[in-house]
Amino acid sequence: MAAHEVFCFRRALGLEPDQLQIFDLLADAPPAELFDAIDVVLIGGSGDHSVVRGGPWLSGALGAMETLYERFIPTFASCWGFQALARALGGRVVTDHGRAEVGVLRLDLTEAGRRDPVFGPLGGGFPAVIGHEDIVDELPEGAVSLASSATVENEALKFSGKPIYATQFHPELDRDDLIQRIAAYPPYLALTGAASVEEFCATTPATPGATSLLRRFVEQVVETR
């Protein structure tokens, strides 16, 4: 799924392979010179790791998030990236199986989200691909909530005065990608409410609005800098 995640980000932004440089935050902390050579940072999700459980990789990964923030580097983080960014900058992340969300869910924009140039065009609410059991319960100082669901208050954020956005959901994934992920991680099927992958396929809608976010982030936040 790591290679699939890279492919999905490339597709979402229309990138050629040589336009996207891969760095594994779970293997090592990025060197300082890497931050000088990039235009935009994309941080994806990981179903196998948690910023709540942690591990030997946690300190370096959170340090990288702090550097992105301090240096005003344009960043879009999804799922695990959303949680890691929030924790690194002072938010609170908890594991809560009772509020786990897996599938395509309707999210609603906050007032700030409706005014935001990246999220505003989605309208009041939109379906999005999502899969998590770690929850950002408290946002860091300076973070603005952009969207929520029926059970989770913080589903997307931006940092005031910074070119940094993050989503609990996966704007890089579409319906077919989600089905592929569920097939690859069978334990997650039970959390969708479907009895089989076939039933999940039949009841899962497309998410055209959410998949427009990454390109609009580049257009509105990166290209206008």
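Before reading further, recall that the structure is shown in the block above.
Heads up: these notes are all about the structure in this document. Note that the coordinates shown come from a computational prediction; the quantities given were computed from them, not determined experimentally.

1. With respect to the environment of Thr110
In step 1: Note on placement: Thr110 falls in the loop between β4 (101-109) and α5 (111-115).
In step 2: Remark: the alpha-carbon pair of Thr110 and Ser145, spanning 35 residues in sequence, is separated by 6.9 Å.
In step 3: Residues within four places of Thr110 in sequence aside, it is in contact with Ser145, Leu146 and Ala147.

2. Description of the pattern of salt bridges
In step 1: Counted by the stated rule, this structure contains 13 salt bridges.
In step 2: Its salt-bridge partner being Arg181, residue Glu5 comes within 2.6 Å of it at the nearest N-O pair. Pair noted here: Glu5 is in helix α1 (residues 2-13) and Arg181 is in helix α6 (residues 175-184), with a separation of 176 residues, a long-range link.
In step 3: For Glu5, a relative accessible area of 8% gives the class buried.
In step 4: Here Asp177 makes a salt bridge to Arg11, at a shortest N to O gap of 2.3 Å. One end of the pair, Asp177, is in helix α6; the other, Arg11, is in helix α1, with 166 residues separating them in the sequence.

3. Let's talk about the sheet that holds strand β8 (residues 156-159)
Across a sheet, paired strands are connected by hydrogen bonds in the backbone, their directions being either parallel or antiparallel.
In step 1: Read across the sheet, seven strands follow the order β1-β2-β9-β8-β7-β4-β5 without closing on themselves; strand pairing throughout is mixed. Single-partner strands in this sheet number two, and they are β1 (41-43) and β5 (125-132). Neighbour-to-neighbour, the strand axes of this sheet turn through a mean angle of 25°, independent of strand direction.
In step 2: In the sheet, β8 pairs with strand β9 (residues 164-167) via three bridges, with the strands oriented antiparallel. Among the inter-strand pairings, Leu157 is bridged to a residue of β9, identified as Ala166.
In step 3: The strands touched by helix α4 (residues 80-88) within the sheet are β1, β2 (75-78), β5, β8 and β9, with β2 carrying the most contacts at an inclination of about 115°.
In step 4: Along the sheet, helix α9 (residues 213-222) makes contact with β1, β2 and β9, crossing β2 at roughly 160°.

4. Re α4
In step 1: Most of α4 sits inside the fold, with eight of its nine residues counted as buried.
In step 2: All of the buried residues in α4 are Trp80, Gly81, Phe82, Gln83, Ala84, Leu85, Ala86 and Ala88.
In step 3: Count one or two residues on from α4 and you reach Gly90, which has phi positive near 110°.

5. Let's talk about unusual backbone geometry
In step 1: We note that Phe72 has phi near 55°; this positive angle belongs to a residue other than glycine.
In step 2: Looking at the element boundaries, Phe72 is found in the loop between α3 (58-70) and β2.
In step 3: A relative accessible area of 36% means that Phe72 is categorised as partly exposed.
In step 4: Phi at Cys79 is positive, roughly 55°, even though this residue is not glycine.
In step 5: Tracing the backbone shows Cys79 in the loop between β2 and α4.

6. A closer look at the packing of aromatic side chains
In step 1: Taken as a whole, this structure holds seven aromatic pairs when the rule is applied.
In step 2: Here the aromatic rings of Phe119 and Tyr165 are separated by 6.2 Å at their centres, their planes lie at 5°, and the arrangement is stacked. You can see Phe119 sitting in the loop between α5 and β5 and its partner Tyr165 sitting in strand β9, a full 46 residues away along the chain. You'll find Phe119 and Tyr165 in the same group, each marked buried.
In step 3: Taken together, a centroid distance of 5.9 Å and an interplanar angle of 85° make the contact between Tyr185 and Tyr188 edge-to-face.
In step 4: By relative accessible area, Tyr185 is classed as partly exposed at 23%.
In step 5: Aromatic rings pair up to connect Phe76, Phe119, Tyr165 and Phe217 into one cluster.
In step 6: The ring of Tyr69 carries Lys162 above its face, with NZ or CZ at 4.1 Å from the centroid.

Criteria and thresholds
Residues numbered from 1 in each chain as written. Predicted model: local features only at pLDDT ≥ 70, side-chain atom pairs only at ≥ 80, totals over all residues. Heavy atoms only, no water. Helix = DSSP H or I, 4+ residues; strand = E, 2+ residues; numbered from the N terminus. Contact = heavy atoms within 4.5 Å. Salt bridge = Lys/Arg side-chain N within 4 Å of Asp/Glu carboxyl O. Buried < 20%, exposed > 50% of the residue type's maximum accessible area, 1.4 Å probe, protein only. Pairing = 2+ DSSP bridges. Axes fitted to C-alpha atoms, helices over the stretch in contact; angles between N-to-C directions. Phe/Tyr/Trp six-rings, centres within 6.5 Å; stacked < 30°, edge-to-face > 60°. Lys NZ or Arg CZ within 6 Å of the ring centre and 35° of its normal.

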